[in-house]
Amino acid sequence: MLVSSAQAAAPTPRTIVVLGDSLSAGYGIELQQSWVNLLAQRLTSEGYGYHVINASVSGETTQGGLARLPRTLETHKPAIVVVELGGNDGLRGLPLGASRENLQRIIELSRGAQARVVLVGMVIPPNYGPRYGQEFRDMFATLAAKYPVAFVPFLLDQVALKPDLMQADGLHANAKGQPQMLQNVWPKLKPLLVAPAKPAG
């Protein structure tokens, strides 16, 4: 009975779900080197009681992420959802109206499940012209302001234009670029976290 009571009293770690694509799935590097794994390590080292679920899939689009989200929310009941999707939509030149609606629905479903949201923006190469590229970039800022949610303007800020931090494809950060990606996310994520409990005494 005493053991059962002690187990019942143990706090359940809160969960952070990262719903992303190859930039968060550790494409081209060892999984433990990815910024999402570095996030889990930082949370542990700083005493935050959070468990990180990496629900990222290489090649994922906003439509695919939306399709997977309800089950992810039901299974993990996250306190925070980090939404890192849209890059593949832009690289494929998909209609931005549909991408915007998918991201909007992802935000709404996450908030409806009582999760706080961090929206991670992206910038794409000018393959489809400057207008498409600007509208793509603005899509994230517009959604972040509408709801509002925590917003990271560009996951690869201070990484994308540095060849020593990028893989040969020019699209994905290498292992050396992952810490900066975490540093881009952390200032927006940290205010959403429940502060670590101070030790007694």
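None of these values were measured; they are calculated from a predicted model. (Residues numbered from 1 in each chain as written. Predicted model: local features only at pLDDT ≥ 70, side-chain atom pairs only at ≥ 80, totals over all residues. Heavy atoms only, no water.)

**Student:** Quick rundown of the pairing of strand S4 (residues 116-120)? Include the residues and the values.
**Tutor:** Extensive coverage of S4 is indicated by the burial of four of its five residues. Here strand S3 (residues 80-84) pairs with S4 via four bridges, running parallel. Of the residues in S4, the one forming a bridge with Val-83 is Leu-119. Strand direction decides the pairing type here: S4 and strand S5 (residues 150-152), joined by three bridges, are parallel. Considered in S5, the bridge of Leu-119 is made with Phe-151. Note on the crossover from S4 through helix H7 (residues 130-146) to S5: the handedness is right-handed. (Buried < 20%, exposed > 50% of the residue type's maximum accessible area, 1.4 Å probe, protein only. Helix = DSSP H or I, 4+ residues; strand = E, 2+ residues; numbered from the N terminus. Pairing = 2+ DSSP bridges. Right-handed = clockwise from strand over helix to strand, strands pointing away.)

**Student:** Give a detailed account of the sheet that holds S4, specifying residues and quantitative values.
**Tutor:** Taken in spatial order, the five strands make up an open sheet running S2-S1-S3-S4-S5, and their pairing is parallel. Of all strands in the sheet, those bounded by a partner on one side alone are strand S2 (50-54) and S5. On average, adjacent strands in this sheet sit at an angle of 20 degrees to one another, irrespective of strand direction. Of the strands in this sheet, S4 and S5 touch H7, which is tilted by about 160 degrees from S4. (Axes fitted to C-alpha atoms, helices over the stretch in contact; angles between N-to-C directions. Contact = heavy atoms within 4.5 Å.)

**Student:** Residues and numbers for unusual backbone geometry, please.
**Tutor:** For the peptide bond that leads from Tyr-147 to Pro-148, omega is -20 degrees, which places it in the cis range. Checked against the element boundaries, Pro-148 lands in the loop between H7 and S5. In this model, Gln-114 sits at a positive phi of 70 degrees, which is unusual for a non-glycine residue. Unusually for a residue other than glycine, Gln-158 sits at a positive phi of about 65 degrees. Counting through the fold element by element, Gln-158 comes out in the loop between S5 and helix H8 (178-189).

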